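Per-entry structural report
Here's the letter readout for the chains.
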Amino acid sequence: AVIGASIAAQQLPRARAITTRWQQKQPRSPLGWQLEAEVELSQRQWDVGIAALRMALGKGAGTDSAWMLHRALAQSGRAADAKQQAEAWLREHPRDTTFLNLLGDAALARGDLAGAEARFAQALKIQPQSPTLMNNLAYAQVLLKKPEAKQFALKAAQAAPYSAPVLDTLAQAFAAEGNAAKAVEVQTQVVALMPRAINYRIQLTRFHLQAGDKKKVREELERIRSQLGTAPMPAEVQSLLQQV
């Protein structure tokens, strides 16, 4: 916590001094090198941070450090090394669903939908009852416009019936197959669970528009404008306003 605060305040000598003391006092613990990597990577000192993470992993660090290393390699322009590191980690830890899920999230972020689907499916085979993994797989399949998305979304919703992200994915699956009424029904539950989340209300507005209910669209847009107050209106909200 102190190191995080020091980084935020740009008190880097203090942060580095703490990591050095920890490494000296606990030379067998990976934590000192994990913290060193956190400091150096925050300053884009890639080589130093990557070396510290490799040291931490050599001392028995787990998934957090492995993922930090993968991300650092990717962010520093070493895509081939990042891929090689991920493959090596999974060979040694084939049941690390956290790492697989993070790989899927990263694939989603860069627009690799097929890659994301493959990672989530791989993780789900290991933990078939995980609502998070079912939901993530369903979401990737919704974006890929695959009909089996609803099957996984329904299973995730049965396992986590009060999870807003899970229900949001289910609503999108219904909308993708043209069932706007059901999408509205499910998304209304999402908004009830998280009434201050603008993105969920925008999604509900979009489903009302898909269902052809412009009156409901206007009502939701007024609620959104009220919640935003003086904040800038998102482009998507402006687009919905123009459509009605």
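A brief structural summary. Everything numeric in this text was worked out from a predicted model, so none of it was measured. (Residues numbered from 1 in each chain as written. Predicted model: local features only at pLDDT ≥ 70, side-chain atom pairs only at ≥ 80, totals over all residues. Heavy atoms only, no water.)

**Some points on the packing of aromatic side chains**
- Tallying each qualifying case throughout the model produces two aromatic pairs.
- Their ring planes at 80° and their centres at 5.6 Å tell us that tryptophan 67 and phenylalanine 99 sit as a pair that is edge-to-face. Taken as a pair, tryptophan 67 in helix H5 (residues 63-75) and phenylalanine 99 in helix H7 (residues 97-109) lie far apart in primary sequence, 32 residues in all. You'll find tryptophan 67 and phenylalanine 99 in the same group, each marked buried.
- Centre to centre, the rings of tryptophan 89 and phenylalanine 99 are 6.2 Å apart; their planes meet at 40°, and the pair counts as tilted. You can see tryptophan 89 sitting in helix H6 (residues 79-92) and its partner phenylalanine 99 sitting in helix H7, a full ten residues away along the chain.
- A relative accessible area of 8% places tryptophan 89 in the buried class.
- Relative accessible area serves as the criterion here: at 0%, phenylalanine 99 is assigned to the buried category. (Phe/Tyr/Trp six-rings, centres within 6.5 Å; stacked < 30°, edge-to-face > 60°. Helix = DSSP H or I, 4+ residues; strand = E, 2+ residues; numbered from the N terminus. Buried < 20%, exposed > 50% of the residue type's maximum accessible area, 1.4 Å probe, protein only.)

**Quick notes on the pattern of salt bridges**
- In the structure shown here, the tally under the stated rule is twelve salt bridges.
- Among the salt bridges present, the one from glutamate 40 reaches arginine 16, with a minimum N-O distance of 2.7 Å. With glutamate 40 in helix H3 (residues 31-42) and arginine 16 in helix H2 (residues 12-25), the pair connects residues that are 24 residues apart, well separated along the chain.
- Of the residues examined, glutamate 40 reaches a relative accessible area of 8% and is grouped as buried.
- By relative accessible area, arginine 16 is classed as partly exposed at 31%.
- Its salt-bridge partner being aspartate 112, residue arginine 110 comes within 3.8 Å of it at the nearest N-O pair. (Salt bridge = Lys/Arg side-chain N within 4 Å of Asp/Glu carboxyl O.)

**Comments concerning the packing of helix H13 (residues 198-210) against helix H15 (residues 235-243)**
- As a packed pair, H13 and H15 sit with axes 11 Å apart at the nearest point and diverge in direction by 25°. Here H15 runs roughly parallel to H13, going by the angle between their axes. Judged by the twist between their axes, the crossing of H13 over H15 is left-handed. For the pair H13 and H15, contact is made by Ile202, Thr205, Arg206 and Leu209 and by Glu236, Val237, Leu240 and Gln243, respectively.
- When grouped by side-chain class, the residues that make up the contact of H13 with H15 number four nonpolar, two polar and two charged. (Axes fitted to C-alpha atoms, helices over the stretch in contact; angles between N-to-C directions. Parallel < 35°, antiparallel > 145°, perpendicular 65-115°, else oblique. Left-handed = near helix turned anticlockwise from the far one by under 90°. Contact = heavy atoms within 4.5 Å. Nonpolar A, V, L, I, M, F, W, Y, C, P; charged D, E, K, R; others polar.)

**Topic: helix H10 (residues 149-159)**
- Taken as a whole, H10 has its buried residues at Ala149, Phe152, Ala153, Ala156 and Ala157. For H10, the angular spread of the buried residues around the axis is 140°, confining them to a single face.
- At its buried positions, H10 is contacted by helix H8 (113-126), helix H9 (131-143) and helix H11 (164-176). (Arc of directions from axis to C-beta.)

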